[in-house]
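Here's the letter readout for the chains.
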Amino acid sequence: MIPYTVNIKLAARTLTGTLSLQNKTAVDWGWQGLIAQGCHSSILIIDPKTAQTIQVLEKHKANVVKVKWSRENYYHNISSPYCLRLASGDASGKIIVWDVVSGTAHCEIQEHSKPIQDLEWLWNQDASRDLLLAVHPPNYIVLWNGDTGTKLWKKSYAENILSFSFDPFDPSNMALLTSEGIVFITDFTHSKPPGSAGKKVYIASPHASPAHTKPAPTAALAPTGAKKALNKVKVLITNEKPTAEAVTLNDCLQLSYLPSKRNHMLLLYPREILILDLELSQTVGVVAIERSGVPFTQVIPCAQRDALYCLHENGCITLRVCRSTAAPEEAADPEQAAQELVYDLRSQCDAIRVTKTVRPYRMVICPVNENNAALMVSDGRVMLWELKSHPIILSLSSLFSSGLSPLYSPVSFCGAPLGPNQKKIQDLSLNSMIGQTLTAGEAPPPNTSPQEVQLKFLLTGLLSGLPLPPFAIRMCPPLTTKNINHYQPLLASGTSNGSVLVYNLTSGLLHKELSVHSCEVRGIEWVSLTSFLSFATSSPNNMGLVRNELQYVDLPTGRCFAFRGERGNDEPPIEMIKVSHLKQYLVVVFRDKPLELWDIRTGTLLREMAKNFPTVTALEWSPSHNLKSLKKKQMAAREAMARQTVSDAEQSSVESSVISLLQDAESKSETSQAISAREHFVFTDTDGQVYHITVEGNTVKDGARIPPDGSMGSIACIAWKGDTLVLGDVDGNLNFWDLKARLSRGTPTHRGWVKKIRFAPGKGNQKLLVMYTDGAEVWDTKEVQMVSSIRFGRNVNYKILDIDWCTSDKVVLASDDGCIRVLEMAMKSASYRMDEQDLTETSRFWKDIILIQAYCTVTYDHSHLDVDLADIDMKSVLQDPELSLLQRCLLVSRLFGDESDLHFWTIASHYLQSFAQARQLSLSTADGQTQSEGTHPPPQSPLDICHDTLCESSSFQKFQLDRVRLQEVKRSSYEHTKKCADQLLLLGQTDRAVQLLLETCADNPSYYCDSLKACLVTTITSSGPSQSTIKLVATNMIANGKLAEGVQLLCLIDKAADACRYLQTYGEWNRAAWLAKVLLSPAEGSDVLKRWAEHLCSPQVNQKSKAILVLLSLGCFYKVGEMLHSMRYFDRAALFIEACLKSGVMEANDSSNILSSFLEYARLLRSLGLREGAALWASRAGSAGEQLMEELFQGEGGAPEVILNEDDVKQGREDTE
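Computed from a predicted structure; not experimentally measured. (Residues numbered from 1 in each chain as written. Predicted model: local features only at pLDDT ≥ 70, side-chain atom pairs only at ≥ 80, totals over all residues. Heavy atoms only, no water.)

Caption draft 1: Summary view of the packing of aromatic side chains. Inspection of every chain in the model, using the stated rule, returns 23 aromatic pairs. Relative to F188, the ring of W153 has its centre 5.6 Å away and its plane inclined at 65°; by these criteria the two rings are edge-to-face. Of this pair, W153 sits in strand 13 (residues 150–156) while F188 is found in the loop between strand 16 (182–185) and strand 17 (199–203), placing the two residues 35 residues apart along the sequence. Here W153 and F188 have matching classes, each one buried. (Phe/Tyr/Trp six-rings, centres within 6.5 Å; stacked < 30°, edge-to-face > 60°. Helix = DSSP H or I, 4+ residues; strand = E, 2+ residues; numbered from the N terminus. Buried < 20%, exposed > 50% of the residue type's maximum accessible area, 1.4 Å probe, protein only.)

Caption draft 2: Highlighting the pattern of salt bridges. Taken as a whole and judged by the stated rule, the model has 49 salt bridges. Notably, a salt bridge pairs R564 with E596, separated by 2.9 Å at the nearest N-O pair. In this pair, R564 is assigned in the loop between strand 41 (559–562) and strand 42 (574–579) and E596 in strand 44 (residues 596–599), connecting sequence segments 32 residues apart. For R564, a relative accessible area of 4% puts it in the buried group. Under the relative-accessibility criterion, E596 is labelled buried at 0%. Notably, a salt bridge pairs E575 with R591, separated by 3.3 Å at the nearest N-O pair. You can see E575 sitting in strand 42 and its partner R591 sitting in the loop between strand 43 (585–590) and strand 44, a full 16 residues away along the chain. Judged by its relative accessible area of 42%, E575 is partly exposed. Among the residues examined, R591 registers a relative accessible area of 43% and is labelled partly exposed. (Salt bridge = Lys/Arg side-chain N within 4 Å of Asp/Glu carboxyl O.)

Caption draft 3: Spatial organisation of the sheet that holds strand 5 (residues 52–58). The 4 strands are arranged 2-3-4-5 in an open sheet whose pairing can be described as antiparallel. In the strand order of this sheet, the two ends are held by strand 2 (27–29) and strand 5, each with one partner. Averaged over all neighbouring strand pairs, the angle between strand axes comes to 20°, with direction disregarded. In this sheet, strand 3 (residues 35–39) lies alongside strand 2 in antiparallel orientation, the contact comprising 3 bridges. The residue bridging W29 from the neighbouring strand is I35, located in strand 3. (Pairing = 2+ DSSP bridges. Axes fitted to C-alpha atoms, helices over the stretch in contact; angles between N-to-C directions.)

Caption draft 4: Structural detail: the sheet that holds strand 37 (residues 509–515). The strand order 34-35-36-37 describes an open sheet built from 4 strands, whose pairing is antiparallel. Both outer strands of the open sheet, strand 34 (472–475) and strand 37, are each paired with one neighbouring strand and no more. On average, each strand axis in the sheet is tilted by 20° relative to the strand beside it, whichever way the strands run. In this sheet, strand 36 (residues 499–504) lies alongside strand 35 (residues 490–494) in antiparallel orientation, the contact comprising 5 bridges.

Caption draft 5: Up close: the side chain of D306. Its location among the elements puts D306 in the loop between strand 23 (296–301) and strand 24 (307–312). A distance of 2.7 Å separates the side chain of D306 from the side chain of K261, its partner in a polar contact. (Polar contact = N/O pair within 3.5 Å; in protein donor to acceptor, adjacent residues only side chain to side chain.)

Here it is, written out as structure tokens:
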């Protein structure tokens, strides 16, 4: 059981239940590590680490249909802190941008009144992080400033837009999924709407063949003719709309670019996933489900590995990883090598039980690590699955063999080879679980011993929602000075299926779920802090009689028994139960039967009223009793007895304190057993007459009768506190009785039937909560005036089902949207400041995002960590002296989901190690000559291909050759063949290109041109005249708008560097970078990429962060250090320069850039209160640093002498990533 602390001031919150169908797509997992989920018109913020709902946002009036976290791909510092910013769109077309920490709306946006179809924050600009793109039905895309709510531009399209997807490699490319096809936009920019209407694309039917023709995973045979035909049907048709029976795009459930490799897209259909190569406009892979399989509902492609998370209709999540497409050495025929991209099933989780009301809605995966998935179920459950890797023992691997190629775990940790004694965090991220051998298709390096692994899903968290309404709620007895040491704020909620859910309102977590009844729970009354009575009534038989269930439940033990024994079968239904103020007596009121009076302590029936007893319409116990006077009498009697039993002689020797202790103990035991205080209750009959009855022990006496008030209708409910009695009637009148002054005052509320009234707890607190059929009100009975009101249709869109007081200043309301809300007395909103909460287990994000509101600062020294990292393993890894500076920076950026830092340190770590290796090799050579900038041997494991043109040329070339080989197999028209030939020429594969050119049919208009081109390619010589002629023709072609053809000719005569310059001149920067990677020498390619970096730094483009990554891949480390310093990224600059000095790729000198970076970092650490860290870096910053040292240690006898060695820098630095 989770220990709870007593918190008198409970936070406002919402306990949520089942989801609406419109909430299906409203879920997102952000880089901040939190999940946002729409539930009716509310938004839940869930911490997957602790499976807690930590915030509920309420301002939407309609169902929430989309939520989107803002990205974290910017540099974080004090002026640009980590923030929890969320955009949400609802079914009425309203978009709200939230500050999640404070629970307030940053801005509200309204364009049309139809449901928002899609939302996305733009991430391609260093300057602005506030741009939000939205699809407003039916056919508008609008760019908003999410900070101010200003509309920047609006663009309409011909078809209805369903969703969109941005190209993760080029933010100017996006694809719209429309009702008729796909629209590709290539000129997207934040400054103005797209100029063109985009390129429309239609898709021929993927159902032209049965899905079971998918080859078995072990089959390596060439495809049959039928299979070839199938593959050639699935093609993008760009010229004209296909016939009606061929169009199945309305079956298309989803469209997404693959973040793992450029120019690939997936289309999801219920029974298959198509992988498209967009350069070829052709399907290059199919993931099909056999006929007996469960259809797909969603797929999420991964970035770190070419893998797909698939959600099926039965709630099963499967992970499919792409098989290697590398050609075997002996395969002469390329068709034998790669038929298509095959995604092998590597792991799957358990399915859920699907019913009419319970079905899986959506899956989200953690964008930082890609090894955690969350499944949203329609009944409000959130299932948190974690992917785990298990080593396979070689002797057992034959037993587990499934015909799939083995998966190996990488022999590195955080981008560096794992040391022999180095600690490692298991299953940190997807790319640390699966090595590259699978995707690269290579055998593991000979000098390593990779571990073969198997992947499994593990359920690590479950968040359950409330069942379907109606609810009967009751708060436990209030907090008092006597019970403060063991008080828990428990709320019991009876449900329609007979169970009682007990929630702890400190944390909002389910404390216990008890299956108590067999039918709907109608009411609950607490009899102590840990036990309650609940009653339920079955549906009536043909005589109108029911089975009544009245159960006594003891929470600590879970013991539950029928309080009325054998009674309860075939009798009129129980209307209400009322427990007396001292929890001694219980009144059970029936519909057409006299009430029963029970003694709760003994479980005995005191009185069953006579048949002529009046029909009870409302009843309440009086708070007055004679317990105090009884106790005084009993204490006096005990003292007298004690004095009699102790003689005078003995009395002198016995301490008076001992006697008093004895008396206390005896009086307590006596009060708990024998004292039966006198208590009263009042009730009204159908005529409105008020009856007063006294109960003492087992005697019941009738008291006074008060005639009905003529201004009141039939009394529906009574509340009594102190000297105030309040009656509510079916006509909406409240009658306030002041018993002391003997005054009554009637007030009409004009709200209709008063269903329930309850006084607030707390001495002297005379607030009254009133429930009507259309809402609720809080009244002040002293002033007899309304304090606050909530009304269905006016300020809320839900009906109130039940009410109670939670504390003296907060109310709890159960509503028909399946939620239970704890609200302030003003009943405005259930959102709250998250930093005011008492969470059961503080997640690392709160201390760092909310309390510091600046850096996530981790202080490393020999003994402790400043940040309270819950995971002991993580703490020991971070304190491990074997962990290098680069590894630590990379690990911290991953732990805190800092997208910008993660990209920077991934590239920096890879190339710093790579160039350091090259330097060692060059120093060890006999001549001692260092290699020129831009050259370096490939490291053991190449950079992941998701980094695209930042990868090494060798691995990038290999990937492109594999890809064009696959395109060759898949080509199905002359256009495809032409594109393949063009690609082969650019890749230097002239022989294969000539073969494709000669395939052109004689009746094709391009037959003559292709034949001449084939002749030209085969006869090109390196003689001067022919080269100059071809160069002249190429430049003329480029000048006349035939850029691609001119570039081809230049590549044929080894003038690729000129071709890249022409491409850059005409704005084809990405294409130029691609060409430089596949054709140019490192030195020439370096020039091309440096020009690209300069272009990225220009004010019009403003992508300096991307430029820094390009320069890192070239080894321009001095330039990177300068840029980081000029951009005022002082912490990153200082840590990067330190890593360069350690790696030996930068010389230690007194350059102003290095010293000022260290100095600024020291100042930054001082501003965060980290004095020791500041002193460490100031000591390395020259004379200016000495001055800072003096400031740091003023009054302590001057600055201490700081002696630095490598271990001190590694252990004692402050990492502000």
